[in-house]
Amino acid sequence: MFEPLKVGTWAMVDGRCPMRSIVNDNDDVTLVFGTGSDEFEFALDAAALQKLLALGTRALAEMNTRSDPAGR
């Protein structure tokens, strides 16, 4: 089984970065960022993917609020 995340690197991703997902036997999904030798992959089970989506949704809402403090 997998242990908690242990990585010693980082990646910067902007909107131009190619992204794709690979569902692996309905047990987990691999999110692939970049192409070829520049690929960076995350393998997540369903619970981790749900957490990532919830975190991303909250972060995007905060980013949108900061870019438009009047809430428009």
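What you see is a predicted model, and the numbers here were worked out from it, not measured in a lab.

Novice: How would you summarise the overall build of the protein chain if you had to cite specific residues and measurements?
Specialist: Along its length, the protein chain carries one helix and three strands. If you list the helices and strands of the protein chain from N to C, you get β-β-β-α. Its C-alpha radius of gyration of 15 Å places the protein chain more than 25% over the 11 Å reference for a compact globule of 72 residues. The burial tally for the protein chain puts 12% of its 72 residues in the buried class. Element-wise, carbon and sulfur atoms account for 58% of the exposed surface of the protein chain, whose accessible area totals about 6,500 Å².

Novice: Requested: an account of the pairing of strand β1 (residues 19–24), with residues and values cited.
Specialist: The two faces of the sheet receive side chains in turn, since in a regular strand these alternate between them. In the sheet, β1 pairs with strand β2 (residues 28–33) via six bridges, with the strands oriented antiparallel. The residue bridging S21 from the neighbouring strand is L31, located in β2. The loop that links β1 with its antiparallel partner β2 comprises three residues; one of these, D25, has a positive phi angle of about 55 degrees.

Novice: Requested: an account of the sheet that holds β1, with residues and values cited.
Specialist: Whenever strands of a sheet pair, they do so through backbone hydrogen bonds, lying parallel or antiparallel. Ordered by their spatial adjacency, three strands build an open sheet running β1-β2-β3, and the pairing between neighbours is antiparallel. The open sheet has two free edges, formed respectively by β1 and β3 (40–45), since each of these has just one partner strand. Neighbouring strand axes in the sheet, compared pairwise and without regard to direction, differ in orientation by 20 degrees on average. Contacts between helix α1 (residues 46–67) and the sheet are confined to β2 and β3, with β3 contributing the most and set at about 115 degrees to the helix.

Novice: Give a detailed account of the pairing of β2, specifying residues and quantitative values.
Specialist: β2 sits mainly inside the fold: five of its six residues count as buried. Both β2 and β3 contribute to a ladder of six bridges, which runs antiparallel. Directly across from T30, in β3, lies its bridge partner A43. From the end of β2 to the start of β3, which pair antiparallel, there are six residues, and G34 there has a positive phi angle of about 90 degrees.

Novice: Provide a residue-level description of the nonpolar core, including the pertinent values.
Specialist: Listed in full, the five residues of the largest apolar core are C17, V29, L31, F33 and L44. Excluding its chain neighbours within four sequence positions, the residues that come into contact with C17 are F33 and G34.

Cut-off values and rules
In this numbering scheme, every chain counts its residues from 1 along its sequence in written order. The predicted nature of this model means local features are confined to residues of pLDDT at least 70 and side-chain atom pairs, given and counted, to a pLDDT of 80 or more, with totals for whole chains, interfaces and linings taken over all residues. Values reported for side chains reflect all heavy atoms of the structure, with hydrogen atoms and water molecules removed beforehand. In DSSP terms, a helix is any run of H or I states spanning at least four residues, a strand is any run of E spanning at least two, and both are numbered starting from the N terminus. Both definitions apply: the radius of gyration is a C-alpha atom measure, and the globule rule equals 2.2 Å times residues to the power 0.38. Throughout this description, buried means an accessible area under 20% of the type-specific maximum (1.4 Å probe, protein chains only), exposed means over 50%, and partly exposed covers the range between. To be clear on the numbers: accessible area is Shrake-Rupley with a 1.4 Å probe, and residue cover counts the displayed protein chains and nothing else. Should DSSP find at least two bridges between two strands, the strands are taken to pair. Orientation is described by lines fitted to C-alpha atoms, with helices fitted over the stretch in contact, and by angles between N-to-C directions that extend from 0 to 180 degrees. We call two residues in contact whenever any of their non-hydrogen atoms come within 4.5 Å of each other. Only buried residues count toward a nonpolar core, which is a set of Ala, Val, Leu, Ile, Met, Phe, Trp, Tyr and Cys residues joined through side-chain atoms within 4.5 Å.

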